[in-house]
Amino acid sequence: MKFIKGFILATTLVLATSVFANTQEEVCYNSVEAEITLKRLLNLHPDKLSVYLEILDKRNITPEVKKRLRETAFWVYNRKDLPENDFRELSFMRCITRTK
């Protein structure tokens, strides 16, 4: 349960700070940090992805946000074995291309 609460908190903080960010780089930096946190949590508890997805489905948030969080969770899960530096660079490039 700590895993899920931690990820939801990290995601909420990223979404909240991205509204006030001044540049695209700041938004992407915050997004990368949230994805790194999720990667670390998934490496510690790889079986908790399904629990996170169930809780995400029960949350009262817009379908668009649910879709994006779900996609991000699977994206991170499929790349959880990458070295952190490579993951960070790939995640940053993904964010830059998605926000243009």
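Up top is the structure.
Source: prediction; values computed, not measured.

Student: So what exactly am I meant to see when it comes to the state of the cysteines here?
Tutor: Here a disulfide denotes a covalent bond joining the sulfur atom of one cysteine to the sulfur atom of another. Per the counting criterion, the structure on display carries 1 disulfide. Each disulfide pairs two cysteine sulfurs, and for Cys-28 the partner residue is Cys-95, the sulfurs being separated by 2.2 Å. Around the S-S axis, the bridge from Cys-28 to Cys-95 shows a dihedral of about -80 degrees and counts as left-handed. Here Cys-28 is found in helix 2 (residues 24-44), whereas its partner Cys-95 is found in helix 5 (residues 84-99), with 67 residues between them in sequence. Neither Cys-28 nor Cys-95 differs from the other in exposure class; each is buried.

Student: What should I look at first to understand the packing of helix 2 against helix 4 (residues 63-78) in this one?
Tutor: Each pair of packed helices can be summarised by the angle the axes make with each other and by the distance between the axes. The interhelical angle for the contact between helix 2 and helix 4, taken along N-to-C directions, is 60 degrees, at an axis separation of 9 Å. Compared by their axis directions, helix 2 and helix 4 come out oblique. Along this stretch, helix 2 crosses helix 4, giving a crossing that reads as right-handed. The segment helix 2 lies against helix 4, with Glu-35, Leu-38, Lys-39 and Leu-42 engaging Thr-72, Ala-73, Trp-75, Val-76 and Tyr-77. In terms of residue class, the contact of helix 2 with helix 4 is made up of 6 nonpolar, 1 polar and 2 charged.

Student: Would you take a moment to explain the pattern of salt bridges for this structure?
Tutor: Two side chains of opposite charge can pair, provided their charged atoms sit close to one another. A full pass over the atoms with the stated rule returns 7 salt bridges. Of the charged contacts in the structure, one is a salt bridge between Asp-57 and Arg-70, with a shortest N-O distance of 3.7 Å. Linking Asp-57 in helix 3 (residues 49-58) with Arg-70 in helix 4, this pair joins segments that are 13 residues apart in sequence. Judged by relative accessible area, Asp-57 falls into the partly exposed class, the value being 47%. Glu-71 is the partner of Arg-94 in a salt bridge, and the nearest nitrogen-oxygen pair spans 3.6 Å. Of this pair, Arg-94 sits in helix 5 while Glu-71 sits in helix 4; the two residues are 23 residues apart in sequence, bridging distant segments of the chain.

Student: Looking at this structure, how should I read the side chain of Thr-72?
Tutor: Take Thr-72: it is sitting in helix 4. Among all residues touching Thr-72, those that are not within four sequence positions of it are Glu-35, Leu-38, Arg-94 and Arg-98.

Criteria and thresholds
Residues numbered from 1 in each chain as written. Predicted model: local features only at pLDDT ≥ 70, side-chain atom pairs only at ≥ 80, totals over all residues. Heavy atoms only, no water. Disulfide = S-S within 2.5 Å. Helix = DSSP H or I, 4+ residues; strand = E, 2+ residues; numbered from the N terminus. Buried < 20%, exposed > 50% of the residue type's maximum accessible area, 1.4 Å probe, protein only. Axes fitted to C-alpha atoms, helices over the stretch in contact; angles between N-to-C directions. Parallel < 35°, antiparallel > 145°, perpendicular 65-115°, else oblique. Left-handed = near helix turned anticlockwise from the far one by under 90°. Contact = heavy atoms within 4.5 Å. Nonpolar A, V, L, I, M, F, W, Y, C, P; charged D, E, K, R; others polar. Salt bridge = Lys/Arg side-chain N within 4 Å of Asp/Glu carboxyl O.

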